[in-house]
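# Notes for the structure review
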Amino acid sequence: MYPLLNGLRVVEGASFIAAPSCSLHLLQIGAEVIRFDPVGGGPDFRRWPLTAGGVSLYWEGLNKGKKSVAIDLSRPEGRELAVRLATAPGPGAGLFVTNYPVGGFLAHDRLAAHRADMITVRIMGWADGSTALDYTVNAGVGYPLVTGPESLGGEPVNHVMPAWDLLAGAHGALALLAAERRRQATGEGQEVRVPLGDVGLATLGHLGSVAEAVAMGTQRPRVGNDLYGAFGRDFATADGVRLMIVAITARQWTGLVRALGIDAPVAALEAELGTSLAPDEGLRYTHRDRLNPLVADAVAGRTLADLEPAFAANGVCWERYRTTLEAAQELCTPEASALFRQVMHPSGFTYPTPGATATFAGLRRETPARAPRLGEHTDEVLARVLELPEHEIGRLHDAGLVAGPAAGS
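This text gives an overview of the structure that appears in the document. (Residues numbered from 1 in each chain as written. Predicted model: local features only at pLDDT ≥ 70, side-chain atom pairs only at ≥ 80, totals over all residues. Heavy atoms only, no water.)

## Some details on the overall build of the protein chain
Just so we agree on the cut-off: The way it works is that DSSP assigns letters per residue, a run of H or I at least four long becomes a helix, a run of E at least two long becomes a strand, and they are numbered from the N terminus. We call two residues contacting when some pair of their heavy atoms lies within 4.5 Å. Only the protein chains shown count as cover for residues, and the accessible areas themselves come from Shrake-Rupley with a 1.4 Å probe.
Per the secondary structure count, the protein chain includes 16 helices and 12 strands. Counting contacts in the protein chain only where the partners sit at least 6 residues apart, residues at least 24 apart contribute 68% of the total. Accessible area of the protein chain: about 19,900 Å², with a carbon and sulfur share of 58%.

Laid out in structure tokens, this is it:
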């Protein structure tokens, strides 16, 4: 964490990945984030992975460092409290992140009626307001039909990483800061809509896939584990370790050839083809059926211990395939990465917890805060942000409109 956005207060009314990750990015560079949930938890409060005691490590991970307020959002007075939190006064406040529908009690125009300079960042499914999740957007933009081996034909392969959620969350954080900068200059607020569908479609455009389809009239083929348009795929060592090896640049390719000692067969292939493979990554992709066996045989003849120093000496781009368990144990530790610190969370577990992804040179990276217990900060936030007196907060508790943390949580 870095104290770069001190003075900004972001209120979050959201669930799942995209919007909570948006607020988390802002929190980890210094913003205060206050999250409100329904009493008892929202739809993602028990999402897997769960501990044996039923605590969601998913919820814990996405909400670390946030302040948690529990409100009965099914009742008008509870919804009014949520609106008051989102629109509370202050020069660094009036910043709201949500994935609630465009209409309803958290519609931007209703918030702006309470605070004219309100900024709302709304994560959506599709731009027309129709429902979508990361996995349905991924289906809609075509990636599951170009993932996997050619033998699958028309059978889709779903990606396990929610890429559109994560990209939308990061873009939402960027958009909020841009809107807040504009507000400083003009005094004007606005709603910013970030549909997952638009993130997916824009990515197709940024990476040339739209142009490829429209200008060339071609459908990208399935190529299994080969890297489309360049040299790269998985290879197995003599001791059964599987590696991903990639050579995009000329330097990476020549380093790989040198490290594996396959200069002679590669030169012979180049002579046969009448070309040099080093300058053009596309040629290495075109002739991958000839190159892959050369690399596969060389890798299969040596152990990982033999290959590592040769790869290091020649600048080869590679990595060993790990399970997520191995990655967590080997890479996600304070000893292995400055991202992580050991933090004890309400689940009762102490585990490596990441802070801000970016490293700001010259600034000290602070220890990330633990996740909250649901409703842990209800009284504090109502008193400090809404300036409610103690007896009024007590009345809200007695009426069941708000809740603190459950006993033993």
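Next comes the rest of the write-up.
## Considering helix α7 (residues 196–206)
Rules: Throughout this description, buried means an accessible area under 20% of the type-specific maximum (1.4 Å probe, protein chains only), exposed means over 50%, and partly exposed covers the range between. The arc refers to the directions leading from the helix axis to the C-beta atoms.
Within the sequence span of α7, burial applies to L196, G197, V199, G200, T203 and L204. The arc enclosing the buried residues of α7, seen along the axis, measures out at 165°, which places them on a common side. Those residues of α7 that are buried lie in contact with α1 (18–27), β5 (119–124), α5 (134–141), α6 (163–186), β6 (190–195) and α8 (209–216). Just downstream of α7, G208 is the residue with a positive phi angle, here 85°.

## With respect to the nonpolar core
Which entries qualify depends on this criterion: Throughout, nonpolar core names a set of buried Ala, Val, Leu, Ile, Met, Phe, Trp, Tyr and Cys residues whose side chains join them through atoms within 4.5 Å.
Residues V10, L26, V97 and V194 are the most contacted members of the largest nonpolar core, which totals 34 residues. Counting residues per element, the ones that place at least two in this core are α1, β4 (95–98), β5, α5, α6, β6 and α7. Counting residues per element, this core draws most heavily on α6, which supplies 6 residues. Sequence-distant contacts of V97, that is, excluding residues within four places in its chain, are made with V10, V11, E12, G13, A14, A19, C22, S23, V121 and L176. Grouped together as the second largest cluster of nonpolar side chains are 26 residues, I34, A86, F105 and L388 included.

## Focus on the environment of Y228
The cut-off we apply is this: We call two N or O atoms a polar contact when they sit within 3.5 Å, provided that within protein one can donate a hydrogen and the other can accept it, with sequence-adjacent residues counted only if both atoms are side-chain atoms.
Its place among the elements puts Y228 in the loop between α8 and β7 (231–236). Placed 129 residues apart in sequence, Y228 and N99 show a C-alpha to C-alpha distance of 35 Å. If we ignore the near neighbours within four places in the chain, the residues touching Y228 are E212, R220, P221 and Y285. In terms of polar contacts, Y228 uses its side chain to reach the side chain of E212, at 2.9 Å.

## A few points about the packing of aromatic side chains
Selection criterion: Aromatic pairs are defined between Phe, Tyr and Trp rings, using the six-membered ring for Trp, whenever the two ring centres lie within 6.5 Å; interplanar angles under 30 degrees are classed as stacked, those over 60 as edge-to-face, and all others as tilted. For a Lys NZ or an Arg CZ to count as sitting over a ring, it must be within 6 Å of the ring centre and within 35 degrees of the ring normal.
Evaluated as defined, the whole model comprises 9 aromatic pairs. With centroids separated by 5.5 Å and ring planes inclined at 70°, the aromatic side chains of Y228 and Y285 adopt a geometry described as edge-to-face. Placement of Y228 in the loop between α8 and β7 and of Y285 in helix α11 (residues 281–286) is noted, with a sequence separation of 57 residues between them. Taking relative accessible area as the criterion, Y285 reaches 12% and is therefore assigned buried. When the centroid spacing of 6.1 Å and the interplanar angle of 20° are considered together, the rings of F231 and F235 count as stacked. Comparing F231 with F235 shows no difference in burial state: the two are buried. Taken together, the ring pairs in this structure connect F231, F235 and W253 into an aromatic cluster. Of note, R79 hangs over the ring of F105, and the distance from its end group to the ring centre comes to 5.9 Å. In this structure, R233 is placed above the aromatic ring of F235, and the distance from its NZ or CZ to the ring centre is 5.9 Å.

## A few points about the sheet that holds strand β2 (residues 32–38)
Rules: Think of it this way: DSSP has to see at least two bridges between two strands before they count as a pair. Throughout, an axis means a line fitted to C-alpha atoms (over the contacting stretch in the case of helices), and angles, computed between N-to-C directions, take values from 0 to 180 degrees.
If you trace the 7 strands from one edge of the open sheet to the other, you get β6-β5-β4-β1-β2-β3-β12, paired in mixed fashion. Strand pairing shows two members of the sheet lacking a second neighbour, β6 and β12 (402–403), which therefore form its edges. Across 4 bridges, strand β1 (residues 9–13) lies against β4 in parallel orientation. The partner of G13 across the bridge, within β4, is T98. Helix-sheet contacts for α1 involve β1, β2, β4 and β5, and the interaxial angle to β1 is about 165°.

## A short note on the layout of surface pockets
Remark: the empty space left among the atoms is shown by a probe the size of a water molecule rolled over them. To be explicit about the condition: Method remark: on a 1 Å grid restricted to protein atoms, a set of points is classed as a cavity if a 1.4 Å probe fits but cannot get out and as a pocket if it is open with protein on both sides within 12 Å along at least five of seven lines; lining residues have an atom within 4 Å of a point. Grid points are joined across faces, edges and corners, and a volume is the space filled by probe spheres set on the points.
Considered as a void within the structure, the largest pocket measures approximately 1,300 Å³ in volume. Of all the secondary-structure elements, those providing two or more residues to the lining of the largest pocket are α1, α2 (57–62), α14 (324–330) and β11 (350–354). For the second largest pocket, the calculated volume is near 910 Å³. Looking at the second largest pocket, it is lined by 31 residues, and the ones nearest its centre are G142, Y143, V146, T147 and R220.

## Some points on the sheet that holds β7
Ordered by their spatial adjacency, 3 strands build an open sheet running β7-β8-β9, and the pairing between neighbours is antiparallel. The open sheet terminates on both sides in strands that have one partner only, identified here as β7 and β9 (317–320). Across the sheet, the mean angle separating the axes of adjacent strands is 20° when strand polarity is ignored. Sheet analysis places strand β8 (residues 242–247) next to β9, joined by 4 bridges and oriented antiparallel. Note on β9: the bridge partner recorded for M244 is E319. Most of the contacts of helix α12 (residues 288–300) go to β7, to which it runs at about 35°, and overall it touches β7 and β8.

## Quick word on the pairing of β7
Relative to β8, β7 runs antiparallel, the two being bridged by 6 bridges. In the strand pairing of β8, D234 is matched with M244. The hairpin formed by β7 and β8 contains 5 residues between the paired strands, and G240 there has a positive phi angle of roughly 80°.

## Side note on the packing of α5 against α6
Test applied: Convention used here: angles under 35 degrees read as roughly parallel, angles over 145 as roughly antiparallel, angles from 65 to 115 as roughly perpendicular, and any remaining angle as oblique. All residues other than Ala, Val, Leu, Ile, Met, Phe, Trp, Tyr, Cys, Pro, Asp, Glu, Lys and Arg, Gly among them, are scored as polar; the first ten of these are nonpolar and the last four charged.
Across the interface, α5 lies against α6 with an axial gap of 7 Å and an inter-helix angle of 105°. One finds that α5 runs roughly perpendicular with respect to α6. In contact with D134, V137, N138 and V141 of α5, α6 contributes A163, W164 and D165. A breakdown of the residues in the contact of α5 with α6 according to their chemical character gives 4 nonpolar, 1 polar and 2 charged.

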